[in-house]
Amino acid sequence: MKSEEFDWMVYHAIAWNRATTIPALVKYTGGDAAAVEASVQRLVSYLLIERHDEEYRALSIEESILRCHLRAGPGIPLEIEDGVIKIPDFARKGDNA
């Protein structure tokens, strides 16, 4: 199976809440732990899922787009932590130079 197809299977397992941890994803997909870990890392880097403790969840379209803008747009003074959009202290003080 191609990595793209495996990523699609892993993504849907997470998005449909069928499996949200690495052990559950291994069991659900029938893949080995290394393949699941690699897939999850790709999905995180593609801004499709996020990790919170040991569980993964699919990002909404809005979250994904916002994270893409934050990653690509230099100088945007926002952070996302555990699904909460925050303004860093330096930006609140007007000290973002």
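Residues numbered from 1 in each chain as written. Predicted model: local features only at pLDDT ≥ 70, side-chain atom pairs only at ≥ 80, totals over all residues. Heavy atoms only, no water.

*Asks:* Got a sec to walk through the nonpolar core? Specific residues and values, please.
*Replies:* By size, the foremost hydrophobic cluster in this structure holds 13 residues, and its most contacted members are Val10, Ile14, Leu25, Val36, Val40, Ile49 and Tyr56. Counting residues per element, the ones that place at least two in this core are α1 (3-15), α2 (22-29) and α3 (33-45). Residue contributions to this core peak at 5 residues, all from α1. The contacts of Ile14, once residues within four sequence positions are left out, are Ala19, Thr20, Leu25, Ile49, Tyr56, Arg57 and Ala58. (Core = buried A, V, L, I, M, F, W, Y, C linked by side-chain atoms within 4.5 Å. Buried < 20%, exposed > 50% of the residue type's maximum accessible area, 1.4 Å probe, protein only. Helix = DSSP H or I, 4+ residues; strand = E, 2+ residues; numbered from the N terminus. Contact = heavy atoms within 4.5 Å.)

*Asks:* Go over the environment of Glu4 with me, naming the residues and quoting the values.
*Replies:* Of note, Glu4 is situated in helix α1. Here Glu4 falls in the exposed class, since its relative accessible area comes to 56%.

*Asks:* Quick rundown of the packing of aromatic side chains? Include the residues and the values.
*Replies:* Under the definition given, this model contains 1 aromatic pair. Seen in terms of ring centroids, Trp8 and Tyr11 are 6.5 Å apart; in terms of plane orientation they differ by 25 degrees. Their pairing is stacked. Residue Trp8 and its partner Tyr11 are both found in helix α1; the two are separated by 3 residues, about one turn of the helix. Its relative accessible area of 57% is what places Trp8 among the exposed residues. (Phe/Tyr/Trp six-rings, centres within 6.5 Å; stacked < 30°, edge-to-face > 60°.)

*Asks:* Provide a residue-level description of the pairing of strand β1 (residues 49-52), including the pertinent values.
*Replies:* Along a regular strand, successive side chains alternate from one face of the sheet to the other. For β1 and strand β2 (residues 55-58), the ladder comprises 4 bridges, and the chain directions are antiparallel. Of the residues in β2, the one forming a bridge with His52 is Glu55. If you look at the hairpin formed by β1 and β2, you'll find 2 residues sitting between the two strands, and Asp53 has a positive phi there, around 60 degrees. (Pairing = 2+ DSSP bridges.)

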